[in-house]
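Secondary and tertiary structure notes
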Amino acid sequence: YSNTTGTYNTAAGYSALYFTTGDRNTALGFRTLLYNTTGNDNTGLGGQALFHNTTGSSNTATGTTALYSNTTSSNNTATGYASLYFNQGADNTANGYQAMLHNTAGAANTAVGSQTLYSNTSGTDNTATGFWALYNNTDGNSDTASGEAALYDNTTGYNNTATGFNSLLANT
């Protein structure tokens, strides 16, 4: 609709890339990348993926409401329903249903599995692999959890490594 200067954009779906003047964006789905203005090199696949993105660049969102609240952050990858939903951090990777759902300022995190790093808000440099790994982490940094519910109750702990089902479950 408002694309007056943007180039090499592709949009399919109701209001996809509606406000963009950015370049090299791809939006497929209902209101995908709706509010993108000058963000470049973004890809949104799924209803309302990257919905609020305005100037963030080099983001990839695959799944309904993936990276929904992202506005200015760049270099994020979200795959799965509502992954990185509240994100405002950069350089994050979340793969799975609601992976890193509550991330706001956390950066350089990797979450693989349903609801991994689910409660993370500002924690950085964390790696979580497996259903509910680092589930309650809010601002713990440099933690690694591999296995279902590994480091599940960790909230602010840092430099921890847990491998296996329920390992370091109650660590905070």
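Keep in mind the model is a prediction, meaning the values are calculated, not measured. (Residues numbered from 1 in each chain as written. Predicted model: local features only at pLDDT ≥ 70, side-chain atom pairs only at ≥ 80, totals over all residues. Heavy atoms only, no water.)

**Focus: the overall build of the protein chain**
Within the protein chain, the secondary structure is distributed over 0 helices and 10 strands. Starting at the N terminus, the α and β elements of the protein chain follow one another as β-β-β-β-β-β-β-β-β-β. Relative to the compact-globule value of 16 Å for 172 residues, the protein chain shows a C-alpha radius of gyration of 16 Å, a close match. Expressed as lengths along the three principal axes of its C-alpha atoms, the size of the protein chain is roughly 55 × 20 × 15 Å. (Helix = DSSP H or I, 4+ residues; strand = E, 2+ residues; numbered from the N terminus. Rg over C-alpha atoms; globule rule 2.2 N^0.38 Å.)

**Regarding the sheet that holds strand 6 (residues 93–95)**
The 10 strands are arranged 1-2-3-4-5-6-7-8-9-10 in an open sheet whose pairing can be described as parallel. A single partner strand is all that each edge strand has here, and the edge strands are strand 1 (10–12) and strand 10 (161–163). For this sheet, the mean angle separating the axes of adjacent strands, direction not counted, is 5°. Of the strand pairs in this sheet, strand 8 (residues 127–129) and strand 9 (residues 144–146) are connected by 3 bridges, and their pairing is parallel. The residue bridging Thr129 from the neighbouring strand is Ser146, located in strand 9. (Pairing = 2+ DSSP bridges. Axes fitted to C-alpha atoms, helices over the stretch in contact; angles between N-to-C directions.)

**Some thoughts on the nonpolar core**
Judged by nonpolar contacts, the single largest core of 23 residues is most densely connected at Ala61, Leu67, Leu84, Met100, Leu117, Leu134 and Ala145. If we skip the residues at most four places from it in the chain, Met100 touches Leu84, Tyr85, Asn92, Thr93, Ala94, Asn109, Ala111, Thr116, Leu117, Tyr118 and Asn120. Ala82, Leu101, Tyr118 and Ala149 belong to the second largest nonpolar core, which has 6 residues in total. (Core = buried A, V, L, I, M, F, W, Y, C linked by side-chain atoms within 4.5 Å. Buried < 20%, exposed > 50% of the residue type's maximum accessible area, 1.4 Å probe, protein only. Contact = heavy atoms within 4.5 Å.)

**Quick word on unusual backbone geometry**
Even without glycine at this site, Leu50 takes up a positive phi of about 50°. In this fold, Leu50 is placed in the loop between strand 3 (43–45) and strand 4 (60–62). In this structure Leu50 comes out as buried when scored by relative accessible area, which is 0%.

**Some words on the packing of aromatic side chains**
Tallied over the full model, the rule gives 13 aromatic pairs. Ring geometry for Phe51 and Tyr68: centres 4.9 Å apart, planes at 5°, overall stacked. Here Phe51, found in the loop between strand 3 and strand 4, pairs with Tyr68, found in the loop between strand 4 and strand 5 (77–79); they are 17 residues apart in sequence, far enough to count as distant. Tyr68 matches Phe51 in its accessibility class, with the two residues each being buried. Consider the rings of Trp132 and Tyr135, whose centres lie 6.1 Å apart with planes at 70°: the pair is edge-to-face. Site record: aromatic cluster; members linked through ring pairs are Tyr18, Phe19, Tyr35, Phe51, Tyr68, Tyr85 and Phe86. (Phe/Tyr/Trp six-rings, centres within 6.5 Å; stacked < 30°, edge-to-face > 60°.)

**Description of the side chain of Thr65**
Tracing the chain through its elements places Thr65 in the loop between strand 4 and strand 5. Setting aside residues no more than four positions away along its own chain, Thr65 makes contact with Gly47, Gln48, Ala49, Tyr81, Ala82, Ser83 and Tyr85.

**Thoughts on the environment of Leu151**
Mapped onto the secondary structure, Leu151 falls in the loop between strand 9 and strand 10. For the pair formed by Leu151 and Leu134, sequence separation is 17 residues and the distance between their alpha carbons is 4.9 Å. Residues in contact with Leu151, not counting those within four places in the same chain, are Leu134, Tyr135, Asp143, Thr144, Ala145, Asn160, Ala162, Ser167, Leu168, Leu169 and Asn171.

**Let's talk about the side chain of Thr32**
Note that Thr32 resides in the loop between strand 2 (26–28) and strand 3. Not counting the four nearest positions on each side in its chain, Thr32 is found in contact with Ser15, Ala16, Leu17, Ala27, Gly44, Leu45, Gly46, Gly47, Gln48 and Ala49.

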